[in-house]
Every structure is written in structure tokens, then in C-alpha cells.
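Observations on the model geometry
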Amino acid sequence: LMRLLRFQVFNELKAMVVGVFAGLRILLWAVVLLFFFIYSVGIVMLSTVGSRAGEGNRYFDSFRNLQWSMFTIFRCFTD
């Protein structure tokens, strides 16, 4: 199979495959950066808004722990 890729006909296919893998690497780093940003904002929101959770306000309850805080922030960013 690798010998077939040496032919001139497959040069464009090889370029497309290399481009896809390069794009996946960049996409992975973008997801990692988004995760750390949501994590840090989630910690800030948990310490400020989450301290008032349980007072009967459903918006404050969305920040009652770190997982819910990160999920709420993710929903705000992607909505």
C-alpha cells in the first residue's frame, strides 16, 4: 500500500492527508486552551457566585460545584 503512494497520481492525496493531520494538531491545542479557560473561569465563578448557591435562586444553583460551573460556562460560550 505504501508503494502505491509513491506514484505521481497520489501526490494530491498525500498533501490532503498531511493537511488533515496538521489541522487536527491545531484543533487539539484549541480544545485544550478552551478547556483551561473554562476551568479557570469556572473556579472564579464558583468562588463568587457559587457561594450563594442554595438560596433559592436557580441561577446561583448552576454554580454549586466545579463541574456544574464549568458546564454552565460552556453552555454560555457555545449558545
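All of these numbers come straight from a predicted model, not from anything done at the bench.

Glancing now at the packing of aromatic side chains. The description of an aromatic ring pair rests on the distance of the ring centres and on the angle between the ring planes. One pass over the structure, following the stated rule, counts four aromatic pairs. Ring geometry for Phe37 and Phe77: centres 5.7 Å apart, planes at 20°, overall stacked. Of this pair, Phe37 sits in helix H1 (residues 11-48) while Phe77 sits in helix H3 (residues 66-78); the two residues are 40 residues apart in sequence, bridging distant segments of the chain. Judged by relative accessible area, Phe77 falls into the partly exposed class, the value being 43%.

Listed in full, the six residues of the largest apolar core are Ile38, Val49, Phe60, Phe63, Met70 and Ile73. With sequence-adjacent residues up to four places away left out, Phe60 is seen in contact with Val49, Arg52, Ala53 and Glu55.

Below, the discussion takes up a nonpolar patch on the surface. A contiguous nonpolar surface patch, about 770 Å² in accessible area, is contributed by Leu13, Met16, Val17, Val20, Phe21, Leu24, Leu27 and Val31. Within the secondary structure, Phe21 sits in helix H1.

Here the largest pocket defines a volume of roughly 200 Å³. Every residue lining the largest pocket is listed: Tyr59, Ser62, Phe63, Trp68, Phe71, Thr72, Arg75, Cys76 and Asp79. Tallying contributions element by element places H3 first for the lining of the largest pocket, with five residues. Here the residues of the lining of the largest pocket sort into five nonpolar, two polar and two charged.

Looking now at the side chain of Ser69. Mapped onto the secondary structure, Ser69 falls in helix H3. Apart from the residues lying within four places of it in its own chain, the contact partners of Ser69 are Gly42, Met45, Leu46, Ser62 and Phe63.

Below, the discussion takes up H3. Over its 13 residues, H3 runs 18 Å from end to end, which matches the ideal 18 Å to within 8%, given 1.5 Å per residue. Taken as a whole, H3 has its buried residues at Ser69, Met70, Thr72 and Ile73. Across the axial projection of H3, the buried residues extend over an arc of 160°, all falling on one side. Along H3, exposed side chains directed more than 90 degrees from the buried face belong to Gln67, Arg75 and Thr78. Elements in contact with the buried residues of H3: H1.

So, how was this worked out
Residues numbered from 1 in each chain as written. Predicted model: local features only at pLDDT ≥ 70, side-chain atom pairs only at ≥ 80, totals over all residues. Heavy atoms only, no water. Phe/Tyr/Trp six-rings, centres within 6.5 Å; stacked < 30°, edge-to-face > 60°. Helix = DSSP H or I, 4+ residues; strand = E, 2+ residues; numbered from the N terminus. Buried < 20%, exposed > 50% of the residue type's maximum accessible area, 1.4 Å probe, protein only. Core = buried A, V, L, I, M, F, W, Y, C linked by side-chain atoms within 4.5 Å. Contact = heavy atoms within 4.5 Å. Patch = residues over 30% accessible without salt bridge, like charges linked within 9 Å, V, L, I, M, F, W, Y side chains within 5 Å. Areas by Shrake-Rupley, 256 points an atom, 1.4 Å probe, with all protein chains shown as cover. Salt bridge = Lys/Arg side-chain N within 4 Å of Asp/Glu carboxyl O. 1 Å grid on protein atoms, 1.4 Å probe; cavity = no way out; pocket = protein on both sides within 12 Å on 5 of 7 lines; lining within 4 Å. Points joined across faces, edges and corners; volume = space filled by probe spheres on them. Nonpolar A, V, L, I, M, F, W, Y, C, P; charged D, E, K, R; others polar. Expected span 1.5 Å × (residues − 1). Arc of directions from axis to C-beta.

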